[in-house]
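A structural walkthrough
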Amino acid sequence: MAYTFQVTIDSADPHPLADWWADALGWEVEASDEAFIRGLIAAGHATEEDTTTHRGTLVWKAGNGIRHPEGLERAPRILFQYVPEAKTAKNRVHLDVRTGSDDPKAVVERLLEKGATFLHEGRQGPSVWTTLADPQGNELCISH
């Protein structure tokens, strides 16, 4: 049996990081269902402390996901979840972002302007990539 999966990224502030990654990948942030959240609070299944406001919308404090615009059949969901502790070491897993026909150097420049940090460039045979860190320090590589 084959399984599906989502990629989960720990974050001190998951909602802005979900926004950043959705923009970086051209993906969509999952919409919040404020009526559903309020209903769970009213029924006693959640509390106000489980929520926060992001960009004027009531959201779950625990985090948010992003999806490829063509849906989960196209690519797995990425979930950004709240964790209180800071990142302390190099990621053991990271995303390799393939730019397709877009110029990878232009993508790197755009992400740097949006808060990414340049870490280094790499090469293995004909493959060339640039390693960046997102605004919360998670590594990613940009290549064709």
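Placed above this text is the structure.
So, here is what we can say about the structure in this document. Note that the structure is predicted; figures quoted are calculated from it, not measured.

Take the overall build of the protein next. From N to C terminus, the protein includes three helices and 10 strands. Overall size of the protein, expressed as C-alpha extent along the three principal axes, is 60 × 35 × 30 Å. For the protein, with 144 residues in total, the buried portion stands at 35%. The contacts of the protein with a sequence gap of at least 6 include a subset with a gap of at least 24, amounting to 57%. When the accessible surface of the protein is summed, it comes to about 9,300 Å², and 52% of that surface belongs to carbon and sulfur atoms. Separation between the mean location of the 14 positive side-chain charges and that of the 22 negative ones in the protein comes to 5 Å.

Let us now look at helix 1 (residues 14-25). For helix 1, spanning 12 residues, the distance from its first C-alpha to its last is 16 Å, which sits close to the expected 16 Å at 1.5 Å a residue. Of all 12 residues making up helix 1, nine are buried, and the element is well covered by its neighbours. Taken together, the buried positions of helix 1 are occupied by P14, H15, L17, A18, D19, W20, W21, A22 and A24. One or two residues past the end of helix 1 sits G26, with phi positive at roughly 75°.

Criteria and thresholds
Residues numbered from 1 in each chain as written. Predicted model: local features only at pLDDT ≥ 70, side-chain atom pairs only at ≥ 80, totals over all residues. Heavy atoms only, no water. Helix = DSSP H or I, 4+ residues; strand = E, 2+ residues; numbered from the N terminus. Buried < 20%, exposed > 50% of the residue type's maximum accessible area, 1.4 Å probe, protein only. Contact = heavy atoms within 4.5 Å. Areas by Shrake-Rupley, 256 points an atom, 1.4 Å probe, with all protein chains shown as cover. Lys, Arg positive; Asp, Glu negative; His and termini not counted. Charge placed at Lys NZ, Arg CZ, Asp CG, Glu CD. Expected span 1.5 Å × (residues − 1).

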